[in-house]
Amino acid sequence: INAEYGVFKEIRGWIFFFPMKLCLLCFFVIFFLFRASCLEPLTAEKLSGLNRLTGFSASKDSVVYSANTWDPKTGKTVSGLSIFPLNNPQQKRVLTSPTSGSDFSPSFSPDGRYVAFLSTRTGSSQIYVVPSSGSEKTVVQLTSYEIDIANLKWSRNGSFFLFTANVYVSCGNFSCTAQKDSLLKARGSNTGIVFTQLPVRHWDEWKVSGKASHLFIQGVTLNKNKSPKLSGAPFDVMDGLDADTPTLLSGSEQFDSSWNDNEISFTTQIINASTAWTTGWRVYKALIENMQPTTRTDISQTPARCQNPVYSPDGNYIAYLCMDRPGYEADKNHIVLHNRLNGLNTVIAQTWDRSPDSLVWVDSTRLIAAADDDGRHKLFLVGMTGNPTAIIDSGTNSEPIPVPQTNTWILSRSSLSSPLDLWSFALSTQISNLTQLTYLNREALSSIYLPAGISFEYQSAANNTRVQGWMLPPFSNSTSQHPVAVLIHGGPQGSWNDAWSYRWNPQIWASRGYGVLTFNIRGSTGFGQAFTDGVNRNWGGVPFIDLMSGLDWALNNYNWMNRSRVCACGASYGGYMINWINGHTNRFSCLVNHDGMFDTSYFYYSTDELWFPEWEFGGTPWQNPEGYSEWNPSLFVEDWQTPTLVIHGGLDLSLIHISEPTRQAEIS
């Protein structure tokens, strides 16, 4: 074999001459076909049993992280902490290993000598510490509060812990909340609660009247041996404020401490008679004196949603995200700089047509913002002037944190073919050395079929607009045509990104032999605000056309797809679209509706978030009945022909009462 030609001998003696590049191509094709024949499909049980990264923190020389593991034999999830040196991630070791409960929310002390974390190992979620050089034998419990706490952070200067707890607003301490909880529990089956305002429920839980999630600070000092100990009692930063921090479905990203620990800033949702009609989360700052907050100031300066404050290293600014339009949860997030010296707010990167969901300072003149963009969740470098530039533009990238006293950063990354792992990169004027640090599921997935997502784009018949999507090829050694699963995302303002999921994971369908198609139709995020707004008051219009155009394109471009065996599946808004499809086309062989809206008017009268249907359908059902009837799937039931599987959980309190999907299932 020389540089240009290779000689291959067939078993029967024939001799062929090929250009070297063609030989290599043939070799790799044969290799991967052989490897595919040896792979196994991804099952729901295997997916559920993977290690899930849940949190991480970095010191100047180490990274600590928590990961959940579900045991199919016991049905229980366990979680411990692991730690590794930054200069040698292969030297990972177990830091904590509880025999019961879970350890989570790790946070390094500023000097890196200790790790604080939350654990339920005694049945209640409390604060523990362990030396970063220690082990399970050196774990020490710091708190024994009478109630559970969550969302732990060690302040930047190390003088206090920040955490949240569900308390009664009228109570001044944890004992009062614990006593009221005990009285409520003692009532047994007499569980009636009087509510005088919405919301009374959210997502999968009923609220308790008078109770809210508040932010607390707990002083920390050092023992003679330099180990941390508590100083004084915890103090409610939001004392007397009927409000939630973090807001529902959010976490510790919604609050931060200044670099000298003299101030904290937090996101909160005020609870009052208007809460059901507003999306207006507020950003407050509170001065800290003697481990107690004094002056509390709302810095939002707008009735629209604001969130996720972070302090600049020089202490001059608080950067946070803010929308323009009240009542709309999917408006574009702007980056706002609050000047702590004069109280003025300034918006930067105003012409950037993407909506970031997190911020972190690089130095006092630059930030890193994470945002959806063209089917990926990218990291962008943001200066005080000009538009942001993408620094990591593949996969899904989240939670970048700086390694103290270095130019190294740690982040979590995933893709359609790989679960969440920790990575690092170096950043000065440009990014370099993007490196994977952990391989939490390398062994478990080594023999699993996990094709990379293939991005495509097409022109929709609605306004000839560009639409992006993803395709996954099926798990099969057959050359015949394969059935197709069309997956429709929820929101409607969401997106199908190059990301791993433990919910609707497209790989599950691919492993069952389906070619998988996902389309980022109108309403999707990451394609400009006008594209996202395209679903407003148009639920079954342009998005439906985008979907049908995408399916046409795929069937015409992938000959192995069987156009007579196509199933559409969707959840939430995707479930709504399934109902809409059923009344407007019979091109699908089957439909799957997971938690989908069936009747738009009924939805208005059953939700606790009235701002949502009023924005999406243009008012109330009595003010604008046409806005609801125009896109109401229940009005087209007489045209339903396609076999439909309806799936709905009894605790899906955010969408609709269980009687509604039951009615829909009877119709289907």
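Residues numbered from 1 in each chain as written. Predicted model: local features only at pLDDT ≥ 70, side-chain atom pairs only at ≥ 80, totals over all residues. Heavy atoms only, no water.

### Quick notes on the sheet that holds strand β25 (residues 345–348)
The strand order across the open sheet formed by four strands is β22-β23-β24-β25, and the pairing between neighbours is antiparallel. The strands lining the two open edges of the sheet, one partner per strand, are β22 (306–311) and β25. Here the average twist between neighbouring strands, direction ignored, is 30°. Two elements, β22 and strand β23 (residues 317–322), share four bridges in a ladder whose sense is antiparallel. The residue bridging Val-310 from the neighbouring strand is Ala-319, located in β23. (Pairing = 2+ DSSP bridges. Helix = DSSP H or I, 4+ residues; strand = E, 2+ residues; numbered from the N terminus. Axes fitted to C-alpha atoms, helices over the stretch in contact; angles between N-to-C directions.)

### What to know about the pairing of strand β38 (residues 561–571)
Across the eleven residues that make up β38, a large majority, eight, are buried. Bridging between strand β36 (residues 482–488) and β38 involves six bridges; their strand directions are parallel. Considered in β38, the bridge of His-482 is made with Met-561. When β38 meets strand β39 (residues 590–594), the two strands line up parallel, connected through five bridges. (Buried < 20%, exposed > 50% of the residue type's maximum accessible area, 1.4 Å probe, protein only.)

### Things to note about the packing of aromatic side chains
In the structure shown here, the tally under the stated rule is 37 aromatic pairs. Judged by centre distance (5.6 Å) and plane angle (55°), the rings of Trp-580 and Trp-631 are tilted. With Trp-580 in helix α8 (residues 573–582) and Trp-631 in the loop between α11 (625–629) and β40 (644–647), this pair connects stretches of sequence that are 51 residues apart. An angle of 75° between the planes, with centres 5.9 Å apart, marks the rings of Phe-598 and Trp-640 as edge-to-face. Taken together, the residues span a long stretch of sequence, with Phe-598 in the loop between β39 and α9 (600–606) and Trp-640 in the loop between α11 and β40 at a distance of 42 residues. Classification of Phe-598 as buried rests on a relative accessible area of 1%. The lysine or arginine in question, Arg-305, covers the ring of Trp-281, its NZ or CZ lying 3.6 Å from the ring centre. Here Arg-442 stacks its cationic end above the ring of Tyr-439, 4.3 Å away from the centre of that ring. (Phe/Tyr/Trp six-rings, centres within 6.5 Å; stacked < 30°, edge-to-face > 60°. Lys NZ or Arg CZ within 6 Å of the ring centre and 35° of its normal.)

### Examining the pairing of strand β27 (residues 366–373)
Within a regular strand, the side chains alternate between the two sheet faces. Among the eight residues that make up β27, eight are buried, leaving the element largely enclosed by the rest of the structure. Neither face of β27 is left uncovered, since the one carrying Arg-366, Ile-368, Ala-370 and Asp-372 and the one carrying Leu-367, Ala-369, Ala-371 and Asp-373 both have all their residues buried. Relative to β27, strand β26 (residues 356–363) is paired through six bridges, and the arrangement is antiparallel. Counterpart to Trp-361 in the pairing with β27 is Leu-367. Where β26 folds back on β27, the antiparallel hairpin that results is connected by two residues. Hairpin connection of β27 to strand β28 (residues 376–383): two residues between the antiparallel strands, including Asp-374 at a positive phi of 55°.

### Looking at the layout of surface pockets
The volume enclosed by the second largest pocket comes to roughly 570 Å³. Surrounding the second largest pocket, 23 residues form its lining, Asn-166, Glu-205, Ala-212, Ser-213 and Leu-248 being those nearest its centre. Going through the elements one at a time, β11 (150–154), β12 (160–168), α3 (174–186), β14 (205–206) and β15 (211–222) are the ones with two or more residues in the lining of the second largest pocket. (1 Å grid on protein atoms, 1.4 Å probe; cavity = no way out; pocket = protein on both sides within 12 Å on 5 of 7 lines; lining within 4 Å. Points joined across faces, edges and corners; volume = space filled by probe spheres on them.)

### Things to note about the pattern of salt bridges
Following the criterion strictly, the structure yields 19 salt bridges and no others. In this structure, Arg-121 and Asp-103 form a salt bridge, with 2.7 Å as the shortest nitrogen-oxygen distance. Taken together, the residues Arg-121 in the loop between β8 (114–119) and β9 (126–131) and Asp-103 in strand β7 (residues 103–108) connect sequence positions 18 residues apart. Accessibility assignment for this pair places Arg-121 and Asp-103 in one class, buried. Among the salt bridges present, the one from Arg-325 reaches Asp-533, with a minimum N-O distance of 3.0 Å. (Salt bridge = Lys/Arg side-chain N within 4 Å of Asp/Glu carboxyl O.)

### Some remarks on the packing of helix α7 (residues 542–557) against α8
It is the contact of α7 with α8, at a shortest axis distance of 11 Å, that shows an interaxial angle of 80°. Considering the angle they form, α7 stands roughly perpendicular to α8. Contacts between α7 and α8 involve Pro-543, Phe-544 and Leu-547 from the former and Tyr-573, Met-577, Trp-580 and Ile-581 from the latter. Residue composition of the contact of α7 with α8, by class: seven nonpolar, no polar and no charged. (Parallel < 35°, antiparallel > 145°, perpendicular 65-115°, else oblique. Contact = heavy atoms within 4.5 Å. Nonpolar A, V, L, I, M, F, W, Y, C, P; charged D, E, K, R; others polar.)

### Structural notes on the sheet that holds β7
Reading across from one edge, β7-β8-β9-β10 is the order of the four strands in this open sheet, with antiparallel pairing throughout. In the strand order of this sheet, the two ends are held by β7 and β10 (140–141), each with one partner. Alignment of β8 against β9, held across six bridges, turns out to be antiparallel. What sits directly across from Val-115, in β9, is Val-130.

### Concerning empty space enclosed by the protein
A complete count under the given rule lists three cavities of 30 Å³ or more for this structure. Counted as a void, the largest cavity has a volume near 60 Å³. The wall of the largest cavity is formed by Val-167, Tyr-168, Val-169, Cys-171, Gly-172, Asn-173, Phe-174, Thr-177, Phe-216 and Asp-236. Split by residue class, the lining of the largest cavity holds six nonpolar, three polar and one charged. Considered as a void within the structure, the second largest cavity measures approximately 50 Å³ in volume.

### Quick notes on the nonpolar core
Residues Val-486, Leu-517, Trp-539, Leu-547, Met-577, Ile-581 and Phe-588 are the most contacted members of the largest nonpolar core, which totals 42 residues. By size, the runner-up hydrophobic cluster in this structure holds 24 residues, among which are Leu-39, Trp-509, Ala-571 and Val-592. (Core = buried A, V, L, I, M, F, W, Y, C linked by side-chain atoms within 4.5 Å.)

### Topic: α8
For α8, a buried count of ten out of ten residues is recorded, marking the element as mostly surrounded by other parts of the structure. Of all the positions in α8, only Tyr-573, Gly-574, Gly-575, Tyr-576, Met-577, Ile-578, Asn-579, Trp-580, Ile-581 and Asn-582 are classed as buried.

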